[in-house]
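Topology and contacts: notes
For reference, the chains in residue letters:
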Amino acid sequence: MSEKTPFYITTPIYYPSAKLHIGHAYCTTVADTIARFKRLAGYDVFFLTGSDEHGQKIQQAAEKEGITPIQYVDRIVASFQELWRLLGISYDDFIRTTQPRHHELVQDIFQRIYDQGDIYKGAYTGLYCTPCESYWTKLQLDENGCCPDCHRPVQEVSEEAYFFRMSKYADRLLAYINEHPDFIQPVSRRNEMIAFIEQGLEDLCVSRTSFDWGIPVPFDPKHVVYVWFDALTNYLTPIGYMHDAEKFNKYWPADVHLVGKEIVRFHTIIWGCMLMALGIDLPKKVYGHGWLVVDGAKMSKSVGNVVDPIALIEEFGADAVRYFLLREITLGQDGNISRDTLIGRINSDLANDLGNLLHRTLSMAKKYRKGVLAKGAGRTDFDAALEEMAAATVADYTAQMEQMELSAAIKTAWALISRTNKYIDETAPWTLAKDEAKTAELDAVLYHLVETLHIVSVLIAPFMPTTARRIHEQLGFTSDFDAVQLADIAAWGTTPDGHTVGTAEQLFPRIEVEKA
Ligand code: MSP
């Protein structure tokens, strides 16, 4: 058997500073959907997420609660893992930057770069934004002299510190970005990064002495490693860098680092230079997705519009939330979430289009054929057209998924669902059932409906894993759904002659909207 092609995808590791909101859930859902698609397409996927647990902000938050930083992060990280479980996130490893495996690797990398002369000791005076753990130059501050990212005040800080010689790698990095158009996507983010590097890169301060919740610099332990240097290294820890050459060579370079647009800079510039210093390849792609806004406004605690993903999942179910996020937001752009549009999508797309198609199909198969399908004669032009559309759908969907066009891909699958509902109206099985001369035609219609839904169940599996499994079961398939592959639907007609369908159960109840 040939070896599967490896595919390594990551999300950012999240700060355990607050509860995760729907924006974080969005990023992880996108990565999960890509990971699931790649598994379906036969890749050997490694999907990593985790938590970014060091830094002054965490230390301060723990102090405020009168507990130790590790007690503080343990509790919050448990809530992340519970959210990912509820949302059906299929990660292969969960990295915590407080784990010994990570601690050790960060120290080894820091030492290596120091030994080769790319980290040196100096003094730092700069403008620091504590919430963003980020230093800024005067030129970079916003019009009020505040942090350009979060717009909160910055503080002037002066300390003895270690510096990473990023300036040395600026030209090489720029050349790399120019020669590798896929490295930073979408293209707008790539242009921003090029402009940023063209201004010139300064050496980066990579240690702190003003707090101690971090990984000590191995040869000077009153310093802790700068949290971004620590955090970015997370992508190397679970794949065995410096420890397990076989695993590392299999998964590195990563295929995709999926990140929010505001941290593309860290993932391309700092990370790019760190990897160059280590002499290893850069990730194949850093994809900067947009932000989720609520009813048009940025989510913030002070505005009080933060959407809690757990409450949403409890009310509507994980698959409905996933479907909404993936379908409604074009990857790379900002997107809006509102209760009304969510309910609208559930009612029209999920309850109506998909739910009804499955329900009508199974009830007609039961009513007219006691659930048993016959594959064979009776094929009409309507059937041929549906087969053709199903084949085109699988091809278009696959191409779109390969391009990370998730919203386009799910719309492609939905066009087949809508077309199949129309096919029922065109072929009118209830009329065929009254005419004995049309027995074979009716058989063909029922077979085509089940086979199309079989295809649909596979296509939607990366987006709505639980729903896809339920459809698979209701259609009467007893094979292991986890083992299903895209190749299984490559050709029309894998549902066998004599197949017996299962029992219809409602997939999505309609949500009644109370009119005020
Ligand atoms: N800890 C760093 C990442 C280190 S990766 C080596 C971090 N953490 S974070 O928790 O603040 O953010 C994690 C991700 O969530 C980021 O990619 C960020 O863009 C994303 N989002 C935060 N708010 C968001 C929205 N409102 N919408 C979409 N994504 C959002 O940054």
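Preceding this section is the structure that the text describes.
On a predicted model such as this, the values are computed, not experimentally measured, just so you know.

**Examining the packing of helix 16 (residues 439-460) against helix 17 (residues 465-474)**
Viewed as axis vectors pointing N to C, helix 16 and helix 17 meet at an angle of 160°, and their least axial separation amounts to 8 Å. When the axes of helix 16 and helix 17 are compared, the pair comes out roughly antiparallel. Between helix 16 and helix 17 lies a crossing of left-handed hand. Between helix 16 and helix 17, the contacting residues are L453, S457 and I460 on the first element and T467, A468, I471 and H472 on the second. Looking at the contact of helix 16 with helix 17 residue by residue, the classes come out as four nonpolar, three polar and no charged.

**Notes on the side chain of E451**
The residue E451 is located in helix 16 in this model. Nearest to the buried, unbridged E451 among oppositely charged side chains is K375, at 7.2 Å. A polar side-chain atom of E451 sits 2.8 Å from the main-chain amide nitrogen of G493. Apart from the residues lying within four places of it in its own chain, the contact partners of E451 are A491, W492, G493, T494 and T495.

**Quick word on the state of the cysteines**
Scanning all chains against the criterion turns up zero disulfides. Here C146 is not cross-linked by a disulfide; its sulfur's nearest cysteine counterpart is in C150, at 8.2 Å. The thiol of C147 is not disulfide-bonded; the next cysteine sulfur, from C129, is found 3.7 Å away.

**Regarding the sheet that holds strand 10 (residues 216-217)**
Adjacent strands of a sheet form backbone hydrogen bonds with each other and so pair up, either parallel or antiparallel. Read across the sheet, three strands follow the order 9-11-10 without closing on themselves; strand pairing throughout is antiparallel. A strand with exactly one partner marks an edge of an open sheet, and here the two such strands are strand 9 (207-208) and strand 10. Pairing geometry for strand 9 and strand 11 (residues 220-225), over two bridges, is antiparallel. Note that in strand 11 the partner of S207 across the bridge is V225.

Conventions and cut-offs
Residues numbered from 1 in each chain as written. Predicted model: local features only at pLDDT ≥ 70, side-chain atom pairs only at ≥ 80, totals over all residues. Heavy atoms only, no water. Axes fitted to C-alpha atoms, helices over the stretch in contact; angles between N-to-C directions. Helix = DSSP H or I, 4+ residues; strand = E, 2+ residues; numbered from the N terminus. Parallel < 35°, antiparallel > 145°, perpendicular 65-115°, else oblique. Left-handed = near helix turned anticlockwise from the far one by under 90°. Contact = heavy atoms within 4.5 Å. Nonpolar A, V, L, I, M, F, W, Y, C, P; charged D, E, K, R; others polar. Buried < 20%, exposed > 50% of the residue type's maximum accessible area, 1.4 Å probe, protein only. Lys, Arg positive; Asp, Glu negative; His and termini not counted. Salt bridge = Lys/Arg side-chain N within 4 Å of Asp/Glu carboxyl O. Polar contact = N/O pair within 3.5 Å; in protein donor to acceptor, adjacent residues only side chain to side chain. Disulfide = S-S within 2.5 Å. Pairing = 2+ DSSP bridges.

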